[in-house]
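Listed below, chain by chain, are the residues.
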Amino acid sequence: MVFLTTLFNGLAYGFLLFIMAVGLSVTMGMMRFVNLAHVSLCMLGGYVMVTAMERFDIPFLATLPLAFLMTGLFSIALERLVLRFFYGTDDLTQVLLSIGLVFMSISTIAYFFGPEYKPVSVPVWLTGQIDVVGLTLERYRIFLVCVGVILTLVILFGVERTRFGAMVRACVDNPRVASGSGLNMQVIFAMTFAVGGGLAGLGGALSASLLGLDPNFPFRYLVYMLIVVSVGGMGTIVGTLIAALAIGVADVCTKYYFPAAGGSIIYIFTVAVMLWRPQGLLGRKLGHA
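Residues numbered from 1 in each chain as written. Predicted model: local features only at pLDDT ≥ 70, side-chain atom pairs only at ≥ 80, totals over all residues. Heavy atoms only, no water.

A. Structural context of the state of the cysteines. Counted under the stated rule, the structure contains zero disulfides. For the unlinked cysteine C146, the closest cysteine sulfur is that of C253, found at 19 Å. What makes C146 partly exposed here is its relative accessible area of 43%. (Disulfide = S-S within 2.5 Å. Buried < 20%, exposed > 50% of the residue type's maximum accessible area, 1.4 Å probe, protein only.)

B. Spotlight on the nonpolar core. Grouped together as the largest cluster of nonpolar side chains are 84 residues, with contacts concentrated most on L17, F18, M30, M49, F60, F143 and L206. For this core, the element with the highest residue contribution is helix α1 (residues 2-31), accounting for 16 residues. (Core = buried A, V, L, I, M, F, W, Y, C linked by side-chain atoms within 4.5 Å. Helix = DSSP H or I, 4+ residues; strand = E, 2+ residues; numbered from the N terminus.)

C. Structural context of unusual backbone geometry. Despite not being glycine, D57 has its phi angle at roughly 55 degrees, a positive value. Turning to its location among the elements, D57 is positioned in the loop between α2 (38-56) and α3 (60-81).

D. Representation of the environment of M28 in the model. With respect to the helices and strands, M28 occurs in helix α1. Classification of M28 by relative accessible area gives buried; the value is 10%. It is 6.1 Å that separates the C-alpha atoms of M28 and M234, two residues lying 206 residues apart in sequence. Sequence-distant contacts of M28, that is, excluding residues within four places in its chain, are made with F33, V34, V229 and M234. (Contact = heavy atoms within 4.5 Å.)

E. Seen up close, helix α9 (residues 217-232). Over its 16 residues, α9 extends 23 Å from the first C-alpha to the last, a length consistent with the 22 Å expected when each residue adds 1.5 Å. Residues of α9 that are buried include every one of F217, P218, Y221, L222, Y224, M225, I227, V228, V229, V231 and G232, and no others. Where α9 ends, the next residue or the one after it, G233, has phi of about 110 degrees, a positive value. (Expected span 1.5 Å × (residues − 1).)

F. The arrangement of the side chain of T240 in detail. On the secondary structure map, T240 appears in helix α10 (residues 237-257). Relative accessible area serves as the criterion here: at 0%, T240 is assigned to the buried category. Ignoring sequence-local partners within four residues, the contact set of T240 consists of F18, A21, V22, S25, V228, G232 and G233.

G. The arrangement of the packing of helix α5 (residues 139-161) against helix α8 (residues 185-211) in detail. Where α5 meets α8, the closest approach of the two axes is 11 Å, and the angle between their N-to-C directions is 170 degrees. Put simply, α5 runs roughly antiparallel to α8. Of α8, the residues touching α5 (which contributes Y140, R141, F143, L144, V147, L151 and I155) are L199, L202, A205, L206, S209 and L210. (Axes fitted to C-alpha atoms, helices over the stretch in contact; angles between N-to-C directions. Parallel < 35°, antiparallel > 145°, perpendicular 65-115°, else oblique.)

Next comes the structure, spelled out in structure tokens:
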């Protein structure tokens, strides 16, 4: 029973990683842009939620779509005002630019909100534990899994069954052909960046009470998000989901059963996958794009 409970906790963590990282995977697959600042959008969503709850007494559940909306709007501004001027540049330039944005976001948050952890108060019905088929599970983790499943279905439906999803897939699969077919790449880039950033903000808001929220949030989870995208493969939603769940379960289980070496297991797993499939589990080789 302990193993099943730990497994469930790992799945909840994996869904959080998926929500935070799926936007990065799609935008990297579409734009070939190494946007390390994506993790700062997660932090922004968390602070939007905390501010809305503390200063405006907005209920927890109502702050989640607010975090999505506000972070999505900020993402559009960031993409239009800064990032679009660096499309097509080399990877080193993009890394230096986006890591600089990460440092700027950390300093800005620390200036306005202070360097300490921000406590997050969730509703009473999301606190404590509950027995489910003989397992003692935390209510908030059950909530995370439910939200993760719903969002996964919505994202997959949006990508596979809508006109916008078809345009996104075309841009990811072959940007040159998509542009030659008359698609407005700049508008699609901006809209995709907004949705991806909004999901990052939503993931940050959902993770705040579980993972903690402070200005150093980007540094703690940047590597995890890059691992998820690298293992799953750029531009693939299903691959990102599989990678996020696998890494979430592996990280939680190994830290529980092997606390002395648990933190290194996911890195060993990542190296093994990269040696086997450099483009990720379900990713495509860049030369085919």
